[in-house]
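Residue-level structural notes
Given next are the chains, with one letter for each unit.
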Amino acid sequence: MKSLMHTFLLSTLLGMCLNVNAITASPQNWWVGMQSKQLQIMLHEPNVAKQQWQLEPHAGVELTSTTRTDNQNYTFLNLEIKPSAKPGVLLFSSKSGERFEYSLLARKAKSSQRNGFNSSDTIYLINPDRFANGDTSNDTVQGMLEAANPQERGGRHGGDIQGIIDALPYLQKLGVTQLWLTPPLENDMPSYSYHGYAITDFYNIDPRMGSNELYRELSAKAKQHGIGMVMDLVLNHFGSEHEWMTDKPTADWINFNGDFANGKHATSHARQTIQDPHASEFDKRQFSDGWFVATMPDLNQRQPLLATYLIQNAIWWIEYADLSGIRVDTYSYSDKAFLADWTKAIMTEYPDFNIVGEEWTSNPAIASYWQAGKVNNDGYTSSLPSVMDFSLQEALIQALNEDESWNTGWVKVYQSIANDFLYPNPDNLLVFADNHDMSRVFTELEQDLDKTKMAMAMLLTTRGIAQMYYGTEVLLDNTGSNDHGDIRIDFPGGFKGQPSNAFTGQGLSDEQRDMQQAITTLLNFRKQSPAIAHGKLTHFSPKAGIYSYARISDQQTVLVFLNKNSAAKSWSLAYMQEVIGQHKQAINLFTNQAISLIDTVTLAPKSATVLIIE
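Residues numbered from 1 in each chain as written. Predicted model: local features only at pLDDT ≥ 70, side-chain atom pairs only at ≥ 80, totals over all residues. Heavy atoms only, no water.

1. Observations regarding the packing of aromatic side chains
In this structure the tally under the stated criterion is 39 aromatic pairs. Aromatic side chains Tyr215 and Trp317 sit 5.8 Å apart centroid to centroid with 90 degrees between the ring planes, which places their arrangement in the edge-to-face category. Here Trp317 lies in helix H7 (residues 304–321) and Tyr215 lies in helix H5 (residues 212–224), a separation of 102 residues in the sequence. Each member of the pair, Tyr215 together with Trp317, is buried. Centroid distance Tyr469 to Tyr470: 4.8 Å. Interplanar angle 80 degrees. Geometry classified as edge-to-face. Note on accessibility: Tyr469 and Tyr470 belong to one class, buried. (Phe/Tyr/Trp six-rings, centres within 6.5 Å; stacked < 30°, edge-to-face > 60°. Helix = DSSP H or I, 4+ residues; strand = E, 2+ residues; numbered from the N terminus. Buried < 20%, exposed > 50% of the residue type's maximum accessible area, 1.4 Å probe, protein only.)

2. Focus: the sheet that holds strand S15 (residues 355–357)
Strand order across the open sheet formed by eight strands is S16-S15-S14-S13-S10-S9-S18-S17, with parallel pairing between neighbours. Bordering the open sheet on either side are strand S16 (386–387) and strand S17 (430–432), each of which pairs with just one other strand. In this sheet, S16 lies alongside S15 in parallel orientation, the contact comprising two bridges. Along S16, the bridge assignment pairs Val356 with Ser386. (Pairing = 2+ DSSP bridges.)

3. Concerning the pattern of salt bridges
Applying the stated rule across the entire model yields 30 salt bridges. A salt bridge links Asp206 to Arg156; the shortest N-O distance between them is 3.6 Å. You can see Asp206 sitting in the loop between strand S12 (201–205) and H5 and its partner Arg156 sitting in the loop between helix H2 (128–131) and helix H3 (161–166), a full 50 residues away along the chain. Just as Asp206 is buried, Arg156 falls in that class too. Glu402 serves as the salt-bridge partner of Lys412, at 2.8 Å between the closest nitrogen and oxygen. One end of the pair, Lys412, is in helix H11 (residues 410–418); the other, Glu402, is in the loop between helix H10 (390–401) and H11, and ten residues separate them in sequence. (Salt bridge = Lys/Arg side-chain N within 4 Å of Asp/Glu carboxyl O.)

4. Section: the packing of H10 against H11
With their axes 7 Å apart at the nearest point, H10 and H11 run at an angle of 165 degrees to one another. Here H11 runs roughly antiparallel to H10, going by the angle between their axes. Where H10 crosses over H11, the handedness of that crossing is left-handed. The residues of H11 that touch H10, namely those facing Ser391, Leu392, Ala395, Leu396, Gln398, Ala399 and Leu400, are Trp410, Lys412, Val413, Ser416 and Ile417. (Axes fitted to C-alpha atoms, helices over the stretch in contact; angles between N-to-C directions. Parallel < 35°, antiparallel > 145°, perpendicular 65-115°, else oblique. Left-handed = near helix turned anticlockwise from the far one by under 90°. Contact = heavy atoms within 4.5 Å.)

5. Quick look at the packing of helix H13 (residues 449–459) against helix H15 (residues 510–528)
With their axes 11 Å apart at the nearest point, H13 and H15 run at an angle of 10 degrees to one another. The orientation of H13 with respect to H15, classified from their angle, is roughly parallel. The segment H13 lies against H15, with Leu449, Thr452, Lys453, Met456, Ala457 and Leu459 engaging Glu511, Asp514, Met515, Ala518, Ile519, Leu522 and Arg526. In the contact of H13 with H15, the residues fall into eight nonpolar, one polar and four charged. (Nonpolar A, V, L, I, M, F, W, Y, C, P; charged D, E, K, R; others polar.)

6. Overview of the side chain of Asp129
Looking at the element boundaries, Asp129 is found in helix H2. For Asp129, a relative accessible area of 2% gives the class buried. Reaching out from Asp129, the side chain makes a polar contact with the side chain of Arg130 at a distance of 2.9 Å. Among residues more than four places away in sequence, those in contact with Asp129 are Gly155, Arg156, His157, Gly158, Gly159, Tyr194, Met209 and Phe495. (Polar contact = N/O pair within 3.5 Å; in protein donor to acceptor, adjacent residues only side chain to side chain.)

Structural data, given as structure tokens:
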């Protein structure tokens, strides 16, 4: 006991001598051996700009300059970290005696060589608050503005990171290879904050979700289950309860001077202004600078200090949490010059990484503008590897709900994919049937199990990176309501008192079990199929209510037939000889039966037939 007291007194005296201050520094730490030698540390503390900061000698690290703004509460320290720098603690001091420590860490081996998600993956999208409650003690956190309210569709229901950790064995068995969580960062808002997109702290996990350490634990344990982590980042806006609203780092940190003006400064959502050669500057600004809502102020990425902050924040999370990808919310709403710099900085640091941007348009001419490698008329050069394929999502729902004709039904899907010539890399598009912002696929397809199974079979076997929304495997449904709180329904088995449990199968209906098994079969096939992972897509013009295509690699060919008809079809294969070649037999993925490829195959009514040729 005497020894412990001596240690405490010694550490207290040392702290008094050093006058180490609990100053807020962002990023919280950094790493040696990064591709970029530059680091900018934001300091936030009352009147911190009045301090004259110096860096005590640390080999390979130099404080090159200090940037002050019109707000005395912020200072930006500009450092050069040379390749020779070693891990350790940097000690900064001011002439007035104030001091603070800053950690430089060693990077994980081959961190820069990490592989991002790709076309072999299936990304499972989770709203953490609605998936599983693994720790009921953090449902309500004292001092935070919103308490748990599971009965309210727009309230917090208690799902958290621990619940996802507990579900990893289920997700691995299902066949998931990547997790995309809607932002788990702090959203300390008075209400409707469960979704995660009104961020009030860009460097800390919301305490109602867990902690930074627990998020990193999730990433590590997910990798042990063969699952990578994709983080959902928001560059365009933040939550109105963020301290920036009352203490802006610079006067121009927030668009329209931080004033929503009762909707006058709302975004027009006119994304076409980005490429429109006739667009007015007024319309361009109204789109990119306009706010979504009053509670989500719009960031001005043209402010260079903010631009650096956002770039470093993304790189910090990649290193800290060992990410395999990023999904960027509302991608095109940010300043496009900044987006080019942001993506380039990340892809320079991690050449094999992947980033997917949300550009919500069914027009591939607009979406393709953002993909890396696109030669644009205005000379804009992007480094964004992937975009979301909203065109195919819309076409698929229409195709399955419409009667077949020359311009309705499967032809919508055929035409959407035929537009792939607009994309530099269509194999790196994110394909999906639904997500957290739209009605669930089972709902959109009129609660029809057969149509839903066809939709998912198509998305899990066509070109691109597959994304599936949590609960699709058990037919989660929001029929009767388009409210986001009902679209983001609680996952069965994730919360106490539910009548069914998707993790164990208890209480599921026959249809739910059927769907869950079909998804499990498809996802686990994707994990080991070279044709689906990297094969060429050859599709054939739809006829008689049937859309067919092949995925072809050197090792394997996969044939897919999607039959909308209510009757079985004896289907001639003569037109497919260019992809079948001399092969005489295939294996049916769902029945494991050998199927003759001579002349015809029998296609079951309202079904997907997947045939594997080795």
